[in-house]
Amino acid sequence: MDLKEESFIQLSMPAEAENSLLEMTPERVRQEIERYKELCSALEQDCVELQTAKEAAEQRTRELWKEGEYFHKHLEQQMSVSRVCVASCQETIHLAKEERSRLRQEKQMLEKRLEQVKRRGLAEDLATLLPSLPERKMVFKGQVTDKEDVSTLTLTPLIHYPLPGGSALITFEKPEVAQRIMELKEHVVELSHGEELDKCRVQVRAEPVELLLPSALEISLSRSCRRILVSGLPSLGIPEETLLDKLELFFSKTKNGGGEVETLEFLDDTSQVMLSFVQDGVAEQLIARGCVQFPIRKAKYEIKISPYVSGDITSLQLRPSRCARTVLLSGIPDVLDEELTRDALEIHFQKSSRGGGEVDALSYVPEGRQAVAVFREDVG
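Given the structure is predicted, the values throughout are model-derived calculations rather than measurements.

### Some thoughts on the nonpolar core
Item 1. Core analysis: the largest hydrophobic core is formed by 24 residues, its most contacted members being I228, L247, F251 and F277.
Item 2. Those elements giving two or more residues to this core turn out to be β4 (200-231), α5 (240-251), β5 (261-266), β6 (273-277), α6 (282-289), β7 (291-296) and β8 (299-330).
Item 3. For this core, the element with the most residues is α5, which contributes five residues.
Item 4. If we skip the residues at most four places from it in the chain, I228 touches F251, V273, M274, L275, F277, A283, L286, I287, I305, S306 and Y308.

The structure is reproduced here in structure tokens:
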């Protein structure tokens, strides 16, 4: 076989090496052949290992490619789900905002309805309570108004105005006189006693009277579940303590529809008695009966049982007001006695030459003393 023709690789050997190979002995040639065999075996082993590593790398590459495709598909799925979730969340937020707006409107409507129901309920409670309230004789002294004004509450002022010593309140019949006196401010009043030589003059100040009047009032009414109001008691000249003892004894008995009495007392300026029980339900049973026969002095009298209603002021608004006809005089020295000083002041401020006019009322407080003026209805 021609080695040069069959060999895949042709190597050119230097002339010196070729000569050296020709000079080698057969034994050396065998050794070289064995060495090359070992080298060839090692190369074949390396080729096998490289082939195995190549196959493993290709297998790993295929696995990684599959994993990449899987992760790519999974990522696309996740992104699609995320987009759906975002859209769903946005829609949910939008729906939640609409629901919150609807609930807010519904809440406002319910609050308005509740306020209307409360007002209607209060009116119905008052309508229910009025027939059962204690009967009292009354005299109407007001004026008839239109139907639109029936539900309004008219406040009658009862104002306590403190007066320090050395001052006076003077009320004129005409407001323009009071206004004129206040505009002059300083007034010289002649005080005399006896002979003309005893005359003396004092200087007083005229100031407006400022009052705080209620402009709006809200009252919350509540009905007690343990208290009743007893009215229509006979007037037999019995001491109040004795009558209270008999009422307590009567209403303590279950056969009379009562129970254990906690407290009872006469209400101020009335002939009515407030009576409270220890247990719930007793008052309601008696109120449902309306009237009971109360025995006293070998006779029976019909007395009325009414619910006990208490009221609390929930809102009170005040407005400043100036008296139109009343003036405050201050700086009055204690020179004469009280009556003479009052007469001197009234005489002075009645004279039109000094800006005065007809005096309706005058109250004087000497120095060292204090008083309280009460304004009723016409606060001027």
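Right, picking up where we left off after that structure.
### Some remarks on the packing of aromatic side chains
Here a ring pair, both rings aromatic, is described through the centre-centre distance and the interplanar angle of the planes.
Item 1. The full count for this structure, using the stated rule, is three aromatic pairs.
Item 2. Ring geometry for Y70 against F71: centres 5.6 Å apart, planes inclined by 65 degrees, an arrangement best described as edge-to-face. The pair formed by Y70 and F71 is uniform in burial state, with each residue classed as exposed.
Item 3. Each ring, one from F250 and one from F251, has its centre 5.1 Å from the other, and the planes form 90 degrees; the classification is edge-to-face. Like F250, the residue F251 is buried in the burial classification.
Item 4. Between R35 and the ring centre of Y36, over which it is positioned, the NZ or CZ distance is 4.7 Å.

### Observations concerning the pattern of salt bridges
Item 1. Scanning the model with the defined rule gives 14 salt bridges in all.
Item 2. Where R35 meets E32, a salt bridge forms, and the shortest distance between an N and an O atom there is 2.7 Å. One end of the pair is R35 and the other is E32, both in helix α3 (residues 26-129) and three residues apart, which spans about a single turn.
Item 3. On the basis of relative accessible area, E32 is assigned to the buried category, the value being 18%.
Item 4. Put simply, E210 and R322 hold a salt bridge, and the shortest N to O gap is 3.0 Å. One end of the pair, E210, is in strand β4; the other, R322, is in strand β8, with 112 residues separating them in the sequence.
Item 5. One network of salt bridges, with partners in common, ties together R28, E32 and R35.

### A look at a nonpolar patch on the surface
Item 1. Together, L212, I219, L221, V309, I313, L316 and L318 make up an exposed nonpolar region whose accessible area comes to about 620 Å².
Item 2. Among the secondary structure elements, those contributing two or more residues to the nonpolar patch are β4 and β8.
Item 3. Looking at the nonpolar patch, the element that brings in the most residues is β8, giving four residues.
Item 4. Inspection of the secondary structure assignment puts V309 in strand β8.

### Description of the side chain of T341
Item 1. When you line up the elements, T341 lands in helix α7 (residues 338-350).
Item 2. Owing to a relative accessible area of 0%, T341 belongs among the buried residues under this scheme.
Item 3. One polar contact links the side chain of T341 to the main-chain carbonyl oxygen of D337, over a distance of 2.9 Å.
Item 4. The contact partners of T341, leaving out residues within four places of it in the chain, are I332, L336 and Y364.

### Observations concerning a positive patch on the surface
Item 1. Side chains of K97, R100, R104 and K107 sit close together on the surface and give a patch of like positive charge.
Item 2. Tracing the backbone through its elements, the reader meets K97 in helix α3.

Definitions and cut-offs
Residues numbered from 1 in each chain as written. Predicted model: local features only at pLDDT ≥ 70, side-chain atom pairs only at ≥ 80, totals over all residues. Heavy atoms only, no water. Core = buried A, V, L, I, M, F, W, Y, C linked by side-chain atoms within 4.5 Å. Buried < 20%, exposed > 50% of the residue type's maximum accessible area, 1.4 Å probe, protein only. Helix = DSSP H or I, 4+ residues; strand = E, 2+ residues; numbered from the N terminus. Contact = heavy atoms within 4.5 Å. Phe/Tyr/Trp six-rings, centres within 6.5 Å; stacked < 30°, edge-to-face > 60°. Lys NZ or Arg CZ within 6 Å of the ring centre and 35° of its normal. Salt bridge = Lys/Arg side-chain N within 4 Å of Asp/Glu carboxyl O. Patch = residues over 30% accessible without salt bridge, like charges linked within 9 Å, V, L, I, M, F, W, Y side chains within 5 Å. Areas by Shrake-Rupley, 256 points an atom, 1.4 Å probe, with all protein chains shown as cover. Polar contact = N/O pair within 3.5 Å; in protein donor to acceptor, adjacent residues only side chain to side chain. Lys, Arg positive; Asp, Glu negative; His and termini not counted. Charge placed at Lys NZ, Arg CZ, Asp CG, Glu CD.

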